[in-house]
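As a plain string of letters, each chain reads:
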Amino acid sequence: MSTILKVDDLVKNFGGLTAVSDVSMTLNDDELVALIGPNGAGKTTLFNLLTGVITPSSGAISFRGPKGTVTLNGKKAYQIANLGLARTFQNIRLFKDLTVLDNVLVAMTSQYKEGLLSTLFRLPSYYKKEAKIAKEATELLAIFDLQESVDVLAKNLPYGIQRRLEIVRALAMKPQILFLDEPAAGMNPEETADLTRLIKKVQREFHITVVLIEHDMSLVMNLAERIYVLDHGAMLAQGTPTEIKQNPAVIKAYLGEEVS
Amino acid sequence: MTILKANFKYNVSWLIIMVAGFYLMNTLMLMGIIDSFIENMLVVIGINIILATGLNLVIGFAGQFSLGHAGFMAIGAYATAIITTNSATAGGFYTSIVVGVIIAIIAAIIVGVPTLRLRGDYLAIATMGAAEIIRIIINNLQITNGPSGMFNIPQFATWPVVYIMVCVTTILIANFVRSRAGRAIKSVREDEIAAESAGINTTNWKLAAFVFGAATAAIAGSLDASYLQTIAPTNFGIMESISILIIVVLGGVGSLTGSVVAAVVLGILDTALQNFGTLRMVIYAAALILIMIFKPTGLLGSHELSFKHLFSGTKRKGRVRS
Amino acid sequence: MEASTLQTFFQQLINGLSLGSIYALLALGYTMVYGIIKLINFAHGDIYMLGAFWGYYVINFWHFNFLFALLSAMLVGAVAGVIIEYFAYRPLRHAPRITALITAIGVSFLLENGMSYLYGSTPRDFPQIIEPVNYHVFGVLISNIQILILVTACLLMVILQVIIKKTKMGKAMRAVSVDPDAAELVGINLNRTISFTFALGSSMAGAAGVLIGLYYNSIDPLMGMTPGIKAFVAAVVGGIGSVPGASIGGFLIGLLETLVQSVGLSAYKDAAVYFVLIVILLVLPAGIFGKNIKEKV
Amino acid sequence: MLSVDQLVVNYGVINAVKGVSFDINEGEIVSLIGANGAGKTTILKTVSGLLRPASGTVTYEGHEIQREKAPKIVAQGISQVPEGRHIFAGLTVKENLQMGAFLQSDRANIATTFQTVYDRFPVLKERQNQDAATLSGGEQQMLAMGRALMSRPKLLLLDEPSMGLAPIFINEIFDIITAIKEQGTTVLLIEQNAKKALSISDRGYVLASGEVKMSGTGSELLANADVQKAYLGG
Amino acid sequence: MPDTKGGQFVRQANYRKWDGIMMKKSMMKKLTGFATIAATAMIFAGCSTASTTGSGNKQTGNTIKIGVNMELSGAAGGYGNQQKQGIQMAVDEINDAGGINVNGKKKKIDLIIKDNKTATSTSASVAAQLANNDKVSAIIGPATTNAGTAQTPNITKAAVPALSPSATDPDYTLQKNGKVQPYVFRACYQNNFQGGTAAKFTYNNLKARRVAILGDNSTDYGTGLAKAFKNQFKGKIVANQTFAAGDKDFNAVLTSFKSKKADAIFVPGYYSEVGLIINQARQAGINVPIVGTDGMADPQLVKIAGAKNATNVYYTTPFSTMASKKNPTAAKFMKAYQAKYHQVAPTFSALAYDSVNMVKQAIENEKSADSKKVAAGLAKIKNFDGVTGTITIDKDHNAQKPIAIETLKNGKVVNSVSIK
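Taking an unreviewed UniProt entry as the reference, chain B is identified by name as Branched-chain amino acid ABC transporter, permease protein belonging to Secundilactobacillus kimchicus JCM 15530. Among the UniProt annotations of chain B, the heading Subcellular location (unreviewed entry) holds the following wording: "Cell membrane".

For chain A, the name recorded in an unreviewed UniProt entry is ABC transporter, ATP-binding protein, with Secundilactobacillus kimchicus JCM 15530 as its organism.

What follows is the structure, given as structure tokens:
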């Protein structure tokens, strides 16, 4: 297992407020990491920093991509995404008025090119590429049991399915790291259990690194190989689920009492 | 396989309709049923279709509220006026369209790169300002003959030319919208942050839509100048941009079919109102308010006429099926 | 006809401030309406025209004095604003914003062309109810009407600011503009508050109509179009939603136009205004006093 | 005091609440717990008049209020602290509180209420002339609660009061809620932090997917194995 | 991390051969189809589209149809409506007198008025409708050069003459090669003539040597006159500034003129703005002569400027209250206009009134109301006794008529000199 993402002393200030202070962490190939902590601890801010939605005040992020190790500092969100860091959002951010298929196809935009002429004049190569990419997307959707809904507008999907589609969209980017921001939020225990299986499957079959923010301890403790605990913007603890469950600082700040 | 066959079917259907439309118009014209007055109306509608579909690409599909369409139209119009006045040949005319498109593209990049960072109404007012700056510059140049405008422009944009241009630009815009590029710009419209996180370079795609819209506006301007044979800076003011916007919103933001329908409806309404003298604009204004109140999403909402759906009988906006 | 550079400078400053105070008065209404329902009320400039015509009639036919003409024009503006909001904008409160914008344009067309139809579009001379008097201050000319406009404009701005900052209704307006749902939850009646905002903003336009009629002595049904757009630009430059911003924006545009004309570039005075608008928006995307609200991810 | 019967609420095409019934007696703290998207906030918004139900009734002190608008409901003594606090940024702390008393006209009364709120939340008094947007998350939550109390409600609706708060504030907020109850205000509480919520509640209802799955006293629910597993991080 | 991992789910994405072949086939068909269409379209574009060069509209009925293509709404709506009043009055008078005598038979005028909303495309459409559908003998209008040139192709195609009361661009009646437009006429001066006259007057009569120009930059009228003035003025132009229609504040420019030591100001524009310029100039203590053109020859000018301020103001005009005392045609018109509309007749109404009567004259001279004949008749008009002077149409279809310069003092015309 080698390091794929390395975060050093990351700081983010909003005005006078320090949302993330001196956070360092490393992610390895093929592992499933959870990021937990009280609301407002800076978890989503950390995700935003890692995926380029906001820029850090200081600190370094380096990523070992297919073309060697690069720094993510100063890169735009779409560049980071195209390097192989995909994510979902806490409040679902699907393209609501696009179909399920189109939602996935958007994420594949940078994986293929269509010449301007072949786009505008529908040359044979256009149909060829469209068919190929659509097939690829449909196959991916089928893995997640969404093949029936390809033509449905995203906004018309039930809540749980929207969450699932968002994960599919992120996977369509062929990421090396997948960031999931509260994927189980709003799901009932049954759906959560399904989701747990799904995430496991994704991680196993696609061999990618998955990082998730989650409050549902059943999910976290079942899934995560390692856990980072964030509190007040700072890294409070890290370790295996067993270690974290017994960490007194974590219990005090977050878990409240010992979790069984 | 069937999808491909079907695609062929749809494409052919569209082509048949376009050709049939052409022959129908031509027959009616030869029979004298379409006289120069109706022809005039049809050409104006055609030019408005080009303008509205182009603006709809920017507003309805890329979600960028531009209020400066008339500025780019002016560029095309003046390119054609200046070039064909000096070189009154068909070659000169087509060259002038190309030149107009190129200048409009350059202008759109100059305007778009800084302003497309803005959002919503701020973008609207910035683009409106940019278009006014273009108009004021034209108004004060020698080569454009200042506020007097230019007239006696040779007429190359006869109705068949306009008809073909309408078909071509509409096909191009429709093809653009239903492609990788179209999905990218629609994702920007839906959610810029999510689009960025899905690897979409939102800045570039917004600019692409804006530039494409500007290019088609320039084509419309060229046709307008050449058909009417007279242009003046006052034709390309804020009110012109607004009237194009009205077509787009009335037809339905995000519906190319809607833009076409609205251009036709408003074109006929406008012509019919000529007979009402001073009351004309009063009726027009009242109609506008009433349509908007009773049909807030425009005549067609975001629906499109599509053979794919006519043939297969399914509705795109299907309910939840899973 | 000679003047020293310094005198010319101060004269132009006066010119710019007078013009600016007119833009500022109009910008106030824009900024309030936009602040509360995020609608560019295109018809605002036309309410100013209605105010001017009202002043014209009551002074000519009912022989109102200046103060009554001004106050009644404010009332007429307020009523017009409330009626327009009720019939044209309220049904569209939950419709796409671009739809409401088109309706606003429709209302503007209706007022302009309706008035043209009823009263003709030839400009009329506004009754000179106050005899213009020029004062020479160190070689700089300033007329009593210019002073009146400046003072009235500043006074109305202060009153407006007091209403918004100090009164219960003003606070309700601010609350609605920040968060309509939360405003309802503390018991604020949305419709009433929005109507009140329209009334207040439109009364400013009504007042501006009378003042400008008096100052320029010429009114016509299309008089609201150009100043309307300029005033909106002023409101945006100042930071839309902010009362001091609208005033500053108005004065800035007035001074800028004056500056451009005084150096002999009158043909480009509007271009200069739009150029500055774009530059300001690029540097301060929400205008000078505007608050930049970042989207939460 | 309040009884909700067979409430159905739709959000566009989504059926958010599917026939929920519950009731609150005077002087109680009642909690609705459940995951995000279970329909809790939708129910609260319907009670406070921001949403119209598709069917079902909300009866308050003997009469149906489900068709009434928010201001009218506030006037009858139901006050909501919305999720995400929704304080009025740009207004000072004091002005925010004044807005809470928007429907009160008796100046003396308002002054007393101000005193009560300032006593309850001393930090608000310290910051009364500050722009509310500059407050920290916990202070904003206190302001939102203070604002709701300014209308002297008989029933206080609290939507996720502990959301996004540091643990130290969370305990304080729950202490305050208990104190509010003790002063005679009935409380309907929505919380994700089910453990905390149930520990101070007289009764609770467990919601999932827009339906009531379970109900009981706070301690009963706390002790229930299913609840523990699903919502208490068991 | 191997690249292939992420792409596992597309492993089976192998296309069957026939898929690709079919696609190619259909595409070829489609492309061929498209090419065919394009080709046919081009062919049609080239040859067979109906071009209807008409032989003009014959008038056989008991009425003579005259169309009006006018700016009744939009930016020039004010001027257009004044013209409409003049047209309406002329037609009423003619009809009350029995109509136009066409070869011994009196025929009434059937007036068809349409609004072009000051837009070029609408003007073209209106002209087409009047010429082709309503089959008018002649069109009066439009008021502005831009709307006028927009209708030229359509009326030329239909062989229907159009007489504009107020389009002033020198090239308005000309084709690109400098030849006259066969069906375009005007009843007013062209810019060069009027601007030149004003320049001469300013130099010779007012003895001004340093002139500042403040012209309307939103119409050809203002810029055309400013250019003509500049070219023909022998003194120095010390400042050349502009305004746009609808502007109300001229203080900044006027203040800047102060330091230029101008001894006259030339203001080519319409009364709505020029009235304000006079007002603000006098308020600012600028008392030098203000010279303008017929666009300001309107009773409303003095009202807007204020009577006291309208002093030392000069403008070129074909028509005025002063002239009307000497000219019986004008006097009659003034009186009738006052009676009908309860206001003093503006120049635009007078020009439009003359336009109708010029058409009547043409019809009577040619003894036919056929549109081609009317065009011929208009071209031959000589010494027509109009309200705006004795008019002769020259070879370029411009109206030749004497020009006068009127002087305002305290809002009253105190002097009127004819200029050769």
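So, next bit.
1. Remarks on the overall build of chain A
Across its full length, chain A carries 10 helices and 10 strands. Over its C-alpha atoms chain A spans a radius of gyration of 19 Å, differing by no more than 12% from the 18 Å that the globule rule assigns to 260 residues. For chain A, the spread of C-alpha atoms along the principal axes amounts to about 65 × 40 × 35 Å. Each of the 260 residues in chain A was classed as buried or not, and the buried ones make up 59%. Excluding contacts between residues fewer than 6 apart, the proportion of contacts in chain A whose partners are at least 24 apart in sequence is 67%. Carbon and sulfur atoms make up 52% of the accessible area of chain A, which totals about 9,600 Å². Of the side-chain charges in chain A, 28 are positive and 29 negative, and the distance between the mean point of each set is 7 Å.

2. Here we look at helix α6 (residues 137–149) of chain D
Residues and elements named next belong to chain D. For α6, which comprises 13 residues, the first-to-last C-alpha distance of 18 Å matches the rise-based estimate of 18 Å (1.5 Å per residue) to within 8%. Burial of α6 is extensive: 12 of the 13 residues sit out of reach of the surface. Residues Gly138, Glu139, Gln140, Gln141, Met142, Leu143, Ala144, Met145, Gly146, Arg147, Ala148 and Leu149 constitute the buried set of α6.

3. Notes on the packing of aromatic side chains
Applying the stated criterion across every chain, the model contains 40 aromatic pairs over all chains. Measuring from ring centre to ring centre gives 5.2 Å for B:Phe22 and B:Trp159, while their planes differ by 35°; the resulting arrangement is tilted. You can see B:Phe22 sitting in helix α1 (residues 2–30) and its partner B:Trp159 sitting in helix α6 (residues 159–177), a full 137 residues away along the chain. In this structure, B:Phe22 and B:Trp159 share a single accessibility class: buried. Summarising the aromatic geometry, the rings of C:Phe53 and C:Tyr119 are spaced 6.2 Å apart at their centres and angled 40° between planes, so their arrangement reads as tilted. One end of the pair, C:Phe53, is in helix α2 (residues 44–61); the other, C:Tyr119, is in helix α4 (residues 97–119), and 66 residues separate them in sequence. These aromatic residues form a ring-pair network of at least three members: C:Phe53, C:Tyr56, C:Tyr57, C:Phe61 and C:Tyr119. For the cation-ring pair, E:Lys401 lies above E:Tyr189, with the distance from its terminal atom to the ring centre recorded as 5.4 Å.

4. Looking at the sheet that holds strand β8 (residues 186–191) of chain D
Residues and elements named next belong to chain D. The strand order across the open sheet built from six strands is β6-β7-β8-β3-β9-β10, with neighbouring strands paired in mixed fashion. Looking at which strands have only one partner, the edges of the open sheet turn out to be β6 (78–81) and β10 (211–217). Strand-to-strand twist across the sheet, computed as the mean angle between neighbouring axes with direction ignored, equals 15°. Most of the contacts of α6 go to β6, to which it runs at about 170°, and overall it touches β6 and β7 (155–159).

5. Some remarks on the interface of chain A and chain B
Much of the literature gives interface size as the accessible area that the parts lose upon coming together. The interface is formed by 39 residues belonging to chain A together with 35 residues belonging to chain B. Taking both partners together, chain A and chain B bury about 3,300 Å²; carbon and sulfur atoms supply 57% of that area. The tally of links between chain A and chain B comes to two salt bridges. Notably, a salt bridge pairs A:Arg93 with B:Asp191, separated by 2.7 Å at the nearest N-O pair. Applying the counting criterion to the chain A and chain B interface returns 14 residue pairs in polar contact (both at pLDDT 80 or more). For the side of chain A that touches chain B, the secondary-structure elements that each account for two or more residues are α2 (77–83), α3 (100–107), α4 (116–121), α5 (124–143) and α6 (159–171) of chain A. Of the residues assigned to the side of chain A that touches chain B, the class counts are 21 nonpolar, six polar and 12 charged.

6. Looking at the domain arrangement of chain A
Residues and elements named next belong to chain A. Per the domain assignment, the segments making up chain A are domain 1 (3–84 + 175–255) and domain 2 (96–159). A straight line from the C-alpha centre of domain 1 to that of domain 2 covers 29 Å. Of the residues lining the interface, eight residues belong to domain 1; the matching set on domain 2 comes to five residues. Both faces considered, domain 1 and domain 2 share a buried interface measuring about 500 Å² in area, 67% of it formed by carbon and sulfur atoms. The largest share of the area that domain 1 buries against domain 2 comes from Asn82, Lys201 and Phe206, three residues that together contribute 51% of it. Take the side of domain 1 that touches domain 2: its biggest share by element is four residues, from helix α7 (residues 189–206). When the residues that make up the side of domain 1 that touches domain 2 are grouped by side-chain class, the tally is five nonpolar, two polar and one charged.

7. Describing the pattern of salt bridges
Using the criterion set out here, one finds 36 salt bridges over all chains in the structure. With its nearest N and O atoms 2.5 Å apart, the salt bridge here joins A:Arg197 to A:Asp194. With A:Arg197 and A:Asp194 both in helix α7 and three residues apart, this pair spans about one turn of that helix. Look at A:Arg197 and you get exposed, because its relative accessible area is 53%. Residue D:Arg203 pairs with D:Glu28 through a salt bridge whose shortest N-O separation is 2.8 Å. Here D:Arg203, found in strand β9 (residues 203–208), pairs with D:Glu28, found in the loop between β2 (14–24) and β3 (29–33); they are 175 residues apart in sequence, far enough to count as distant. Of the residues examined, D:Arg203 reaches a relative accessible area of 18% and is grouped as buried. By relative accessible area, D:Glu28 is classed as buried at 10%. Through salt bridges that share partners, B:Arg119, B:Glu192 and B:Lys206 make up one connected network.

The rules behind each value
Residues numbered from 1 in each chain as written. Chains lettered and ligands numbered in written order. Predicted model: local features only at pLDDT ≥ 70, side-chain atom pairs only at ≥ 80, totals over all residues. Heavy atoms only, no water. UniProt positions renumbered as here; feature names shortened; annotations may be inferred. Helix = DSSP H or I, 4+ residues; strand = E, 2+ residues; numbered from the N terminus. Rg over C-alpha atoms; globule rule 2.2 N^0.38 Å. Buried < 20%, exposed > 50% of the residue type's maximum accessible area, 1.4 Å probe, protein only. Contact = heavy atoms within 4.5 Å. Areas by Shrake-Rupley, 256 points an atom, 1.4 Å probe, with all protein chains shown as cover. Lys, Arg positive; Asp, Glu negative; His and termini not counted. Charge placed at Lys NZ, Arg CZ, Asp CG, Glu CD. Expected span 1.5 Å × (residues − 1). Phe/Tyr/Trp six-rings, centres within 6.5 Å; stacked < 30°, edge-to-face > 60°. Lys NZ or Arg CZ within 6 Å of the ring centre and 35° of its normal. Pairing = 2+ DSSP bridges. Axes fitted to C-alpha atoms, helices over the stretch in contact; angles between N-to-C directions. Buried area = accessible area lost by both parts, 1.4 Å probe. Salt bridge = Lys/Arg side-chain N within 4 Å of Asp/Glu carboxyl O. Polar contact = N/O pair within 3.5 Å; in protein donor to acceptor, adjacent residues only side chain to side chain. Nonpolar A, V, L, I, M, F, W, Y, C, P; charged D, E, K, R; others polar. Domains from an automatic or database assignment.

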